[in-house]
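Spelled out from the first residue to the last, the chains are:
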Amino acid sequence: MRILIIEDEAALADALSQILQKNKYMTDVCYDGQKGLDCALSGIYDLIILDIMLPKINGFDVLRCVRINKITTPVLLLTAKDEIADKVNGLDFGADDYMTKPFNTEELLARIRSLCRRGNGAFYEPVISFCDISLNTSTYEIICSGNSLKLGLKEFNLMELFIKNGTSVLSKEQLIDRVWGYDSDAEYNNVEVYISFLRKKLSHLKSAVTIKTVRGVGYCLSSGD
């Protein structure tokens, strides 16, 4: 799951990113509203954490533009302000929840989990499956017929994305954006290397599942039927 943090207080933004990464979320950080809006409009994020008081474009305008462009990603507002009007404006502009700074880390994580369940309960399934394989989202293990292998972080992120999308084809651009990040300098060969790692692990487990190459388009899971 990838979260976009739009916060101009660099120390807070970086601390948030570290906390979320320790809790197995992928994060991208933007320190001003213009950059944050550009990233948000990509539509690749599962959640946006958005400050209100931002340079270049304030959080309300970022939020309004995101919703005008039909981006339905859940948005959690972070603000130092505690006025009722700011909370009401944020919710009216399309925010899904808000927290006032300073905030408790455990409460923040709980609100993130709640927003994810509200938007798509699949985010917090402890085990997700496709055909004869299961992926434990807590231990990063891929399991087949009682045997398991540990996946590295990028391998896990790719396999999680594949399983959640079933047999739908994912382009290399989509895989780079969702696993490496919108501004990443990762190239297509990075994807190919990790696809190769996953194929070897599926073969080692003697799974019927394969990662199929759709020439000129991308990759998808196949059950071998």
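Everything numeric here is computed off the predicted structure, so don't read it as measured data.

Our focus in this paragraph is the pattern of salt bridges. Counted according to the given criterion, the structure contains 13 salt bridges. As a salt-bridge pair, E9 and K101 come within 3.3 Å of each other at their nearest N and O atoms. Separated by 92 residues along the polypeptide, E9 in the loop between β1 (2-6) and α1 (10-22) and K101 in the loop between β5 (97-100) and α5 (105-119) bring together distant segments of the chain. The partly exposed category is assigned to E9, whose relative accessible area is 42%. Among the ionic pairs, R111 bridges to E107, the shortest N-O distance being 2.8 Å. Separated by four residues within a single helix, R111 and E107 lie in helix α5, roughly one turn from each other.

Here we come to the nonpolar core. By size, the foremost hydrophobic cluster in this structure holds 29 residues, and its most contacted members are I133, M159 and I211. Taken together, the elements giving at least two residues each to this core come down to β6 (127-130), β7 (133-136), β8 (141-144), α6 (153-165), α7 (172-180), α8 (188-204) and β11 (218-222). What I211 contacts, discounting residues up to four positions off in sequence, is M159, F162, I195, L198, R199, L202, Y219, C220 and L221. With 21 residues, the next largest nonpolar core counts C30, I48, L63 and A95 among its residues.

Rules and cut-offs
Residues numbered from 1 in each chain as written. Predicted model: local features only at pLDDT ≥ 70, side-chain atom pairs only at ≥ 80, totals over all residues. Heavy atoms only, no water. Salt bridge = Lys/Arg side-chain N within 4 Å of Asp/Glu carboxyl O. Helix = DSSP H or I, 4+ residues; strand = E, 2+ residues; numbered from the N terminus. Buried < 20%, exposed > 50% of the residue type's maximum accessible area, 1.4 Å probe, protein only. Core = buried A, V, L, I, M, F, W, Y, C linked by side-chain atoms within 4.5 Å. Contact = heavy atoms within 4.5 Å.

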